[in-house]
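Structural characterization, general
One-letter residues, chain by chain:
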Amino acid sequence: MKRKSEAAPTAPNSTESRNFIQQIVEDDLKHDRTNGRVMTRFPPEPNGFLHIGHAKAIAINFGIAAEYGGVCNLRFDDTNPETEDMAYVQAIKEDIRWLGFDWGDREYFASDYFDQLYEFGIRLIEDGKAFVDSLNEEEIREYRGTVTRPGKDSPHRTRSIDDNLDLFRRMRNGEFPDGAHVLRAKIDMSSNNMLMRDPVLYRIKHVSHYRRGNDFPIYPMYDLAHPLSDAIEGITHSFCTLEFEVHRALYDWLVDAVFDPPRPHQYEFARFNLDYTVMSKRKLLTMVEDGIVDGWDDPRMPTLAGFRRRGVTPEAILNFAAMIGVAKAHNRVDIAMLEYAIRDDLNAKAPRVMCVLRPLRVIITNYPDNETEWSDAPYWPHDIPKEASRPLPFSREIFIEQDDFQENPERNFHRLAPGSEVRLRYSYIICCEKVIQDADGAITELHCTYDKDTRSGSTASERRVKGTIHWVSASEAIPVQVRLYDRLFAVPDPEDVPEGKTFVDHLNPDSLKVLTNCLAEPSVKNCSVGDRFQFERQGYFIVDKDSKDAETLVFNRTISLRDTWATDRVGGIRRSDGASKKQSSLKEARTKEKTAADRASAIRPPTPVDPLTNLDDEQTSEALRLEKSYGIPLADAALISTELEWIAFFEKAAALSDSPGRVVSVANWIVQELRPALMGQNPASSRITAKNLVRLVSLQAEDTISRRIATEIFGIMLEKGGDPQSIMDEKGLRQISDNAAISEMVVQILAEFPDRVTAFKGGKKGLIGFFVGQVMQRSKGKANPKLAQSILLEQLRG
RNA sequence: UGCCCUAUAGCUCAAUUGGCAGAGCGUCGGAUUCUGGUUCCGAAGGUUCAAGGUUCGACUCCUUGUAGGGCAACCA
């Protein structure tokens, strides 16, 4: 299914934008870091059904593999026997296949690696990288410390390798009860990353595993099983969600401990939240177990099984996944995007038929009794290139939608009202002559006349009326049940609950309406479970598996048609045009006000940031001294003063500088380039000496090179050392300040981009950046930008 | 309170790596229409979180803040 943007002709030079994951893979391929291979994996835990969030992960993992000529493994991450089940394995496989992905014969289970993983455990012990701890759970927690306080070593951390080996073997042999011992990595109890504080690798659990039975009384933790499973399979790129970001260090540690490069690398992307739904497996399980919904495949569930039963197509879900993109920012996706993807796909896939949900009897008084006239009605509208039709009966007695009649029509009501006309879709224009009511005043029946010259398709049918409605012929219509589904939750973020409430309190009581008196046109009689239709003017529907025969067909509403009429009304009453405009501008004003208010509250009094705030007394006095004796900005002085090595480096460089201005520049270069580049290393160990830094700064100050080139040379110096002058000469990086040479380039460029020149002259002054950029690109950064700009401005004026 | 991540239009993402701030969805108009659907055309919508700095030029680099999120399961 093509998206519109893809169908549009792409500009000749526009490169399809790539998300950060694609950029990583392409970069790895370009630098041949994976032997040209791309292998990903989708690693679900079989403890629940897949939901639409997983669809994104599936699309990424299988999609990247397909895009770069690789493969994607399916691996069940089944290392916790307490929650996992074969039924979930089956459901997950079915859902992935339904989405259209194929994992060939690469169907793996972490539980198949249990023996190998156990051997890795032994190896870690032998290498002194793991030990058996006999602290209990609480003690381990206590020893771990907190996020702000370092932990302390377990007393068993120093156990001998032999003891560890012996204990671990006996753990595996089932000699100890649950919780007696664990295997832990020996890393660093004072690490800032809590995951690195000697994480637990194996625990004892005398629990039967759904695939391995009682083979193992010990089970590996995710943090051991996942990276090593990746490495075993030869995965190149391991994509997971953001909450595993902090696990990456441990992932790397474990893989490096056991495998040689090239090895898998983990990258994290943001999962998404969807308006009006919950997406955590735990909450979904709660809803299933508590009977809030009718199973994992309840059509209101955000599970793939739920969407499937609801009638959503896999293409719609995949398109939606493509629409929301891949990034690293937490997000909440507007439900309208999903709805768009669903409608967009179904529009071209669902044949149109008519079904009256809430029937109102209509007698065509001037139509002969006992007569039925059949006509041919197309399944597809004119703008969908498909040809097919079905026979449609018309007779004296028909049903229309109750909503399509108003006794006292509101403004702009285009449908049937006393004395007015509508067209019956694919049929005649009728006029309402009489309204029949019961004793309570409820409308029970309409008496209408038809205009026999207006039959659809006939030459005289050109006559236009403002409305067209759907209908069914009474005698041929078949009774069906229709289930109208709406969002499960009443608020956009159901997980955002006040004290003492839970997400369940936000349930939408009207998420399911069952309509049992619906009447469908006879052509649907022989449809089968899973068939999709558009019921004209209402929405998309699918035949549910609860259907037993033609008499009791059950239709699930996948989604209603977009309805600008309904969205423009408040409380069922359409606003007059004037009011509507006023309303919307009012709304606009309100949001503007609100954002302005937000902004105002967000802006604190511009507290002047004191560069010295984070410094201790000694550093502060050093900073003040540097500021005073060298005349450098306090902010730079403060940064230099954080460490003694930097002070020494700076003062050495300052001594080599031949003017006070040079000293200021040197300080700036240190703070802005050198210090960040060294990432905490001692400047004395850098390849860039104080002397060479001063030389570089001087070259720039003398205008021999531009700042841009200076930065380039700086990069080379950082990597290889050397003095800037010879690097400059060697690479031919001396600045071009030759008027004629630059003028020539400018003439060329202006000739090449005539439309931009006119745009510039028309007032789009920002384009000067583009033009300078062109000069800089062509000169490989060597042109003097100031000169280039002045020449450009001069020529553009003329 | 320590470490890590993130911040661009109402929402979700781009911006060829320092050179014209764009797209899709949504909203609002208009055209077309035997679906109040679809399609087509158009418009509005930006302090690129803030303040400072570097640069001819900053969404992009540096500094300091702010806001949101993650991390102290023998879950994954």
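Residues numbered from 1 in each chain as written. Chains lettered and ligands numbered in written order. Predicted model: local features only at pLDDT ≥ 70, side-chain atom pairs only at ≥ 80, totals over all residues. Heavy atoms only, no water.

1. Let's talk about the packing of helix 23 (residues 739-752) against helix 26 (residues 785-797)
Between helix 23 and helix 26, whose axes approach to 10 Å, the crossing angle comes to 50°. The angle between the axes of helix 23 and helix 26 places the two elements in the oblique class. When you trace helix 23 past helix 26, the crossing you get is right-handed. Taken together, the residues of helix 26 that come into contact with helix 23 (itself represented by Asn-739, Ile-742, Ser-743, Val-746, Val-747 and Leu-750) are Leu-787, Ala-788, Ile-791, Leu-792, Gln-795 and Leu-796. Residue composition of the contact of helix 23 with helix 26, grouped by class: nine nonpolar, three polar and no charged. (Axes fitted to C-alpha atoms, helices over the stretch in contact; angles between N-to-C directions. Helix = DSSP H or I, 4+ residues; strand = E, 2+ residues; numbered from the N terminus. Parallel < 35°, antiparallel > 145°, perpendicular 65-115°, else oblique. Left-handed = near helix turned anticlockwise from the far one by under 90°. Contact = heavy atoms within 4.5 Å. Nonpolar A, V, L, I, M, F, W, Y, C, P; charged D, E, K, R; others polar.)

2. A look at the protein's contact with RNA strand B
Neighbouring RNA strand B are 94 residues; Arg-352, Asp-383, Ser-456, Gln-672 and Arg-756 lie closest to it. Here the atoms of RNA strand B within 4 Å of the protein split so that 58% fall in sugar or phosphate, with bases taking the remainder. One of the side-chain nitrogen or oxygen atoms of Ser-17 is found 3.1 Å away from a sugar or linking oxygen of RNA strand B. In the environment of RNA strand B, a sugar or linking oxygen lies 3.2 Å from a nitrogen or oxygen atom belonging to the side chain of Asn-347. (Near = heavy atom within 4 Å. Polar contact = N/O pair within 3.5 Å; in protein donor to acceptor, adjacent residues only side chain to side chain.)

3. So, the pattern of salt bridges
According to the stated counting rule, one finds 51 salt bridges in the structure shown. Here Arg-308 and Glu-94 are joined by a salt bridge, their closest N and O atoms 3.6 Å apart. Separated by 214 residues along the polypeptide, Arg-308 in helix 11 (residues 304-310) and Glu-94 in helix 4 (residues 86-99) bring together distant segments of the chain. In this structure, Asp-546 engages Arg-483 in a salt bridge whose closest nitrogen and oxygen atoms are separated by 2.9 Å. Residue Asp-546 is found in the loop between strand 26 (539-543) and strand 27 (553-560), and its partner Arg-483 is found in strand 23 (residues 478-485); the two are separated by 63 residues along the sequence. Judged by relative accessible area, which is 30%, Asp-546 ranks as partly exposed. (Salt bridge = Lys/Arg side-chain N within 4 Å of Asp/Glu carboxyl O. Buried < 20%, exposed > 50% of the residue type's maximum accessible area, 1.4 Å probe, protein only.)

4. Observations concerning unusual backbone geometry
Between Pro-261 and the following residue, Pro-262, the backbone shows a cis peptide bond with an omega angle of 0°. You can see Pro-262 is positioned in the loop between helix 9 (248-258) and strand 9 (265-269). A positive phi angle is found at Tyr-276, which is not glycine, with a value near 65°. Here Tyr-276 shows up in the loop between strand 10 (272-274) and helix 10 (281-289).

5. Quick look at the nonpolar core
Counting 50 residues, the largest nonpolar core has Phe-42, Ile-52, Ile-96, Ile-317 and Phe-320 as the members making the most contacts within it. Sequence-distant contacts of Phe-42, that is, excluding residues within four places in its chain, are made with Leu-50, His-54, Ala-57, Ile-58, Asn-61, Phe-62, Cys-72, Asn-73, Leu-74, Arg-75 and Ile-96. Formed by 39 residues, the second largest nonpolar core is a distinct cluster that contains Leu-626, Ile-670, Leu-696 and Ile-713. (Core = buried A, V, L, I, M, F, W, Y, C linked by side-chain atoms within 4.5 Å.)

6. Comments concerning the sheet that holds strand 2 (residues 71-76)
Read from one edge to the other, the open sheet built from three strands follows the order 1-2-3, with strand pairing classed as parallel. One side of each edge strand has no neighbouring strand; the edge strands of this open sheet are strand 1 (39-42) and strand 3 (107-109). Neighbour-to-neighbour, the strand axes of the sheet open up by a mean angle of 35°, direction not taken into account. Sheet topology note: the strand 1/strand 2 ladder contains four bridges and is parallel. Bridge pairing in strand 2 places Thr-40 opposite Cys-72. Sitting on the sheet, helix 3 (residues 52-67) is in contact with strand 1 and strand 2, with an inclination near 160° to strand 1. Here helix 8 (residues 222-233) sits on the sheet in contact with strand 1, strand 2 and strand 3, set at roughly 140° to strand 2. (Pairing = 2+ DSSP bridges.)

7. Observations regarding the pairing of strand 27
Moving residue by residue along a regular strand, the side chains alternate between the two faces of the sheet. Burial runs high along strand 27: seven of the eight residues are buried. Sheet topology note: the strand 23/strand 27 ladder contains four bridges and is parallel. What sits directly across from Gln-481, in strand 27, is Val-554. As judged from the five bridges shared by strand 26 and strand 27, these two strands associate in the antiparallel manner. In the strand pairing of strand 27, Phe-541 is matched with Arg-557.

8. Structural notes on the sheet that holds strand 18 (residues 421-424)
Spatially, the seven strands line up as an open sheet ordered 21-18-19-20-14-17-22, and their pairing is mixed. With partners counted over all chains shown, the strands left at the sheet margins are strand 21 (468-469) and strand 22 (471-473), one partner each. Where strand 14 (residues 359-364) and strand 20 (residues 443-451) come together, four bridges link them in parallel fashion. Counterpart to Val-362 in the pairing with strand 20 is Leu-446.

9. A closer look at a negative patch on the surface
A cluster of acidic residues, Glu-137, Glu-138, Glu-139 and Glu-142, forms a negative patch on the protein surface. With respect to the secondary-structure elements, Glu-137 resides in helix 6 (residues 137-144). Since its relative accessible area comes to 62%, Glu-137 is described here as exposed. (Patch = residues over 30% accessible without salt bridge, like charges linked within 9 Å, V, L, I, M, F, W, Y side chains within 5 Å. Areas by Shrake-Rupley, 256 points an atom, 1.4 Å probe, with all protein chains shown as cover. Lys, Arg positive; Asp, Glu negative; His and termini not counted. Charge placed at Lys NZ, Arg CZ, Asp CG, Glu CD.)

10. Examining the packing of aromatic side chains
Within the structure shown, the criterion is met by 30 aromatic pairs. Between Phe-49 and Tyr-88, the aromatic rings sit 6.1 Å apart at their centres with planes inclined by 90°, giving edge-to-face as the arrangement. With Phe-49 in the loop between strand 1 and helix 3 and Tyr-88 in helix 4, the pair connects residues that are 39 residues apart, well separated along the chain. Comparing Phe-49 with Tyr-88 shows no difference in burial state: the two are buried. Between Tyr-367 and Tyr-450, the ring centres sit 5.1 Å apart and the planes meet at 65°, which makes this aromatic pair edge-to-face. Residue Tyr-367 is located in the loop between strand 14 and strand 15 (372-378), and its partner Tyr-450 is located in strand 20; the two are separated by 83 residues in the primary sequence. Summarising the burial analysis for this pair, Tyr-367 and Tyr-450 share the class buried. An aromatic cluster is present here, built from Tyr-367, Phe-394, Tyr-428, Tyr-450 and Trp-471 joined pairwise through their rings. Sitting above the plane of the Tyr-143 ring, Lys-152 keeps its charged end 4.9 Å from the centroid. (Phe/Tyr/Trp six-rings, centres within 6.5 Å; stacked < 30°, edge-to-face > 60°. Lys NZ or Arg CZ within 6 Å of the ring centre and 35° of its normal.)

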